[in-house]
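Residue-level listing of the chains:
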Amino acid sequence: MLIVKAIKANLIYLGKPGEVIENAYLLWDDKVVKGIVKERPKGIEEVFEFDKAVITPAFIDAHCHIGMARAGEPDEERESNERMDSVLPLIDALYSVYLDDSSFKEAIEWGVLYSCVLPGSGNVIGGRGVIIRNYGLDIEDAFIKYAGVKMALGFNPRKTVDWKGIRPFTRMGVIGLLKKWLIKAKDMLKLVEEGKKLPEEIEPEIRALFPVIKGEEILRVHVHRADDIAGLIMLMKEFKFKATIEHAHDLYKREHFEKIKKANIPLVYGPIDSFPYKTELKHATWRNVKYLVEVKPFFGIMSDHPVVLQRNLFMQLRFFRVFGMSKSECISLITYNNAKILGINDILGSLEKGKWASFVVWNEDPFNLGSYPIMVVAEGRIIHEVK
């Protein structure tokens, strides 16, 4: 029999923008949220009550490399990018994650319980991303679902010319190589669908792109600059694939964000607190958040860990507060919005009945500088507690 518990909070952020409940009890069992009530529930053995407590859903990092680029290990141990070729659709990020990375523990202590781990952006196609539990015992236990195929445009895939395989030197070379693979996959899929080829006759790398061509699997595209984003939109029109824009950190005009909104492409923005260390970030500044807030394409935010430490994911919300976003809207960027972009909003992202009981209990308003989590619950289980 599942044991129901309850916790009282002065304020509960449910995850969706505008959805906040004051002075209420959150009920949960060993797995899921059971509901929220205003009166102290009867017949429940374990009821937690804290002064000034505030509850938020567990935070979700929609783009990072945690467990691949590991704390306390030298650079040569980093596994963010596979260097054997430019186009690697069979690569699976899950198999380069180590759950003993100390960054996971620090992230959990600050409320980040779920990560979309992606291959790096040194390749045109870098492999499949994966959504994991930060509190998993190992990669099998941590696995939740796959999160599309990583693709990269712009500077990053053309700076790796000293790596193995066919390597583009220019942005037009990146697009040309990408088109070659997309055209080949499209043509081969047509032959299979017409019965002229058996699937097993097609090389595995091409078959791995069939779901992309059919729109069943999304491309998660590393892209910073306005012209490269325009190029992505043109490619999407030509090949009819689905994509998310990952980063867009160099966009510095309102019209740039309006174009993304018009194209209806989800955006995983950031990382805002990073240093602009390359030319394609020369317009990057936290002040660009102003246009993002005004235009409001559908977006969430990332840490891009280790570029920004995942434990500091929440800290990036301060920039959105500067430009007028409500606290609940800010919370949604790393809860509901990220869950929806990743396709896990049926189980995570908001504290709705039946969803996983994964949430963070703060000693006070999390937007206050001195606030910190006093309890972290993952799928009904307390995994961090400050007594």
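Scroll up a little and you will see the structure.
Structure report, in brief.

### Description of the overall build of the chain
On a plain count of helices and strands, the chain comes out with 11 helices and 16 strands. Its C-alpha atoms give the chain a radius of gyration of 22 Å, near enough to 21 Å, the size a compact globule of 387 residues would have. The C-alpha extent of the chain, read off along each of the three principal axes, is 65 × 45 × 40 Å. Taking all contacts inside the chain whose residues are at least 6 apart in sequence as the whole, residues at least 24 apart take part in 66%. Summed over all atoms, the accessible surface of the chain reaches about 17,100 Å², with 51% contributed by carbon and sulfur. Here the chain contributes 55 positive and 53 negative side-chain charges, whose respective centroids are spaced 6 Å apart.

### Concerning the packing of aromatic side chains
Per the stated rule, a full pass over the model turns up 13 aromatic pairs. Grouping aromatic residues by their ring pairs yields a cluster made of Phe59, Phe314, Trp362 and Phe367. Arg321 extends its terminal NZ or CZ atom over the ring of Phe367, reaching a point 5.9 Å from the ring centre. Over the face of the ring belonging to Phe298 we find Lys340, whose NZ or CZ atom lies 5.4 Å from the ring centre.

### A word on unusual backbone geometry
Gly270 connects to Pro271 through a cis peptide bond whose omega is 5°. By the secondary structure assignment, Pro271 is in the loop between strand E12 (267–269) and helix H8 (289–295). A cis geometry characterises the amide bond from His305 onward to Pro306, with omega recorded as 15°. Note on placement: Pro306 falls in the loop between strand E13 (299–301) and helix H9 (317–322). Here the phi dihedral of Ala248 falls at roughly 55°; this positive angle occurs in a residue that is not glycine. Examined against the element boundaries, Ala248 turns out to sit in the loop between strand E11 (243–247) and helix H7 (254–263).

### Concerning the pairing of strand E9 (residues 143–152)
For E9, a buried count of seven out of 10 residues is recorded, marking the element as mostly surrounded by other parts of the structure. For E9 and strand E10 (residues 219–223), the ladder comprises four bridges, and the chain directions are parallel. Bridge pairing links Met151 to Val221 in E10.

### Regarding empty space enclosed by the protein
This model, assessed by the stated rule, comprises one cavity of 30 Å³ or more. Estimates place the volume of the largest cavity at around 40 Å³. What lines the largest cavity is Ser103, Glu106, Ala107, His305, Leu309, Gln310 and Arg311. Considering only residue class, the lining of the largest cavity consists of two nonpolar, three polar and two charged.

### So, the sheet that holds E13
Within the open sheet, the eight strands sit side by side as E6-E7-E8-E9-E10-E11-E12-E13. Their pairing is mixed. Either end of the sheet is taken by a strand with one partner, and the two such strands are strand E6 (59–64) and E13. Averaged over all adjacent pairs, the angle separating strand axes in this sheet is 25°, with direction ignored. Sheet topology places E10 next to E11; five bridges connect them, and they run parallel. Across the sheet, Val221 pairs through a bridge with Ile245, a residue of E11.

### Considering the environment of Asp101
The residue Asp101 is located in the loop between E6 and helix H1 (102–109) in this model. For Asp101, a relative accessible area of 3% gives the class buried. Each C-alpha atom, one on Asp101 and one on Gly270, is 23 Å from the other, the two residues being 169 residues apart in sequence. Polar side-chain contacts of Asp101 include one of 3.2 Å to the backbone nitrogen of Ala71.

### Quick word on the packing of helix H3 (residues 171–193) against helix H6 (residues 226–239)
Contact pair H3 / H6: the axes reach a minimum separation of 12 Å and the direction vectors enclose 15°. With respect to H6, the element H3 is oriented roughly parallel. In terms of crossing hand, the pair formed by H3 and H6 is right-handed. Along its contact with H3, which presents Arg171, Ile175, Leu178, Lys179, Leu182, Ile183 and Lys186, the element H6 presents Asp227, Asp228, Leu235, Glu238 and Phe239. Within the contact of H3 with H6, the residues separate by chemical class into six nonpolar, no polar and six charged.

### Digging into H6
Over its 14 residues, H6 extends 20 Å from the first C-alpha to the last, a length consistent with the 20 Å expected when each residue adds 1.5 Å. Along H6, the residues classified as buried are Asp228, Ile229, Ala230, Gly231, Leu232, Ile233, Leu235, Met236 and Phe239. Buried-residue contacts for H6 involve E9, H3, E10, E11 and H7.

### Some details on the layout of surface pockets
Looking at the largest pocket, its volume works out to about 630 Å³. Along its surface, the largest pocket is lined by 30 residues, and Arg78, Ser80, Asn81, Lys159 and Tyr277 are the ones closest to its centre. Looking at the second largest pocket, its volume works out to about 300 Å³. Lining of the second largest pocket is provided by 13 residues; of these, Phe314, Met315, Pro366, Asn368 and Leu369 occupy positions nearest its centre.

The rules behind these values
Counting restarts for each chain: residues are numbered from 1 in the order of the written sequence. Under the rules for a predicted model, residues below a pLDDT of 70 receive no local features and side-chain atom pairs below 80 are neither given nor counted, while totals for whole chains, interfaces and linings still include all residues. The basis for every side-chain value is the complete set of non-hydrogen atoms in the structure, without hydrogens or water. Helix and strand labels come from DSSP, where a helix needs a run of H or I of at least four residues and a strand needs a run of E of at least two; each type is numbered from the N terminus. This radius of gyration counts C-alpha atoms alone. The globule rule is 2.2 Å times how many residues there are, raised to the power 0.38. Whether two residues are in contact is decided by their heavy atoms, any of which lying within 4.5 Å being enough. Only the protein chains shown count as cover for residues, with accessible areas throughout obtained via the Shrake-Rupley method and a probe of 1.4 Å. Charge assignment: positive for Lys and Arg, negative for Asp and Glu; neither His nor the chain ends contribute. Note that the charge is assigned to NZ on lysines, CZ on arginines, CG on aspartates and CD on glutamates. In this scheme Phe, Tyr and Trp rings, the latter by its six-membered ring, pair at centre separations within 6.5 Å, and the angle between planes marks the pair as stacked below 30 degrees, edge-to-face above 60, and tilted otherwise. Lysine NZ or arginine CZ positioned within 6 Å of the ring centre and within 35 degrees of the ring normal marks a charge as sitting over the ring. A 1.4 Å probe rolled over the protein chains alone gives each residue an accessible area, and that area as a share of the maximum for its type sets the label: buried under 20%, exposed over 50%, partly exposed in between. The pairing criterion is simple: DSSP has to find at least two bridges between the two strands. As defined here, a cavity is a set of points on a 1 Å grid over the protein atoms alone where a 1.4 Å probe fits but cannot get out. A pocket is an open set with protein on both sides within 12 Å along at least five of seven lines, and residues line them when an atom is within 4 Å of a point. Grid points are joined across faces, edges and corners, and a volume is the space filled by probe spheres set on the points. Under the scheme applied here, ten amino acids are nonpolar (Ala, Val, Leu, Ile, Met, Phe, Trp, Tyr, Cys and Pro), four are charged (Asp, Glu, Lys and Arg), and all others, including Gly, are polar. Each axis is a line fitted through C-alpha atoms, and for a helix only the stretch in contact is used; angles between axes span 0 to 180 degrees, taken between their N-to-C directions. Here a polar contact means two N or O atoms within 3.5 Å. Within protein one must be a hydrogen donor candidate and the other an acceptor candidate, and residues neighboring in sequence count only if both atoms are side-chain atoms. Should an angle fall under 35 degrees it is taken as roughly parallel, and over 145 as roughly antiparallel, whereas 65 to 115 is taken as roughly perpendicular and any remaining angle as oblique. Definitions for this section: a left-handed crossing has its near helix turned counterclockwise from the far helix by less than a right angle. A right-handed crossing has that turn clockwise. Residue count minus one, scaled by 1.5 Å, sets the expected span of a helix.

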